[in-house]
Amino acid sequence: MIQIIGTKKCKETAKAIRSCKERNIAFQFVDLGQRTLSDGEWRSLFSAYSAEDLLDEASAYFIKEGYAWRSYDAAEELVAHPQLLKTPVLRCKGKVHLGYNPAVLTAWGAL
């Protein structure tokens, strides 16, 4: 089963969900607005990508809180403020992919 991590407001996350529905791919949606990620989920993300790569520097929260002008530990800030995470994050059987990619969804859905 594919896990889609994102928010209901994110258009790219909505594309990933719609793509799974259209292809009859089993998925689980994790809404960052409703629940936080577990330590294991964070570890799998950080093992696949650096914390800096996971930061969405174009997000309203990043800009509003002035992250561009202050020093911080990216991993700590992501765990404390998941709204800084680029979405969607796709997870399946230990694999992690950042962003919407229909080819990845199709390939993982066939597993």
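For the structure itself, consult the block above.
Treat the numbers as computed from the prediction; the structure is a model and nothing was measured.

Quick notes on the rules
Residues numbered from 1 in each chain as written. Predicted model: local features only at pLDDT ≥ 70, side-chain atom pairs only at ≥ 80, totals over all residues. Heavy atoms only, no water. Pairing = 2+ DSSP bridges. Helix = DSSP H or I, 4+ residues; strand = E, 2+ residues; numbered from the N terminus. Axes fitted to C-alpha atoms, helices over the stretch in contact; angles between N-to-C directions. Contact = heavy atoms within 4.5 Å.

Visitor: Can you lay out the sheet that holds strand β3 (residues 89–92) for me, pointing to particular residues and giving the numbers?
Guide: Spatial strand order, β2-β1-β3-β4: four strands in an open sheet with mixed pairing. Sheet topology places β2 (27–31) and β4 (95–98) at the edges, where each strand pairs with a single neighbour. The mean angle between the axes of side-by-side strands here comes to 20°, regardless of whether they run parallel or antiparallel. Of the pairings in the sheet, the one linking β3 to β4 comprises four bridges and is antiparallel in character. By the bridge assignment, V89 is partnered in β4 with L98. Along the sheet, helix α2 (residues 39–48) contacts β1 (2–6), β3 and β4; its crossing angle with β3, the most-contacted strand, is approximately 105°. Across the sheet, helix α6 (residues 102–109) lies against β1, β3 and β4, angled at about 15° from β3, the strand it touches most.

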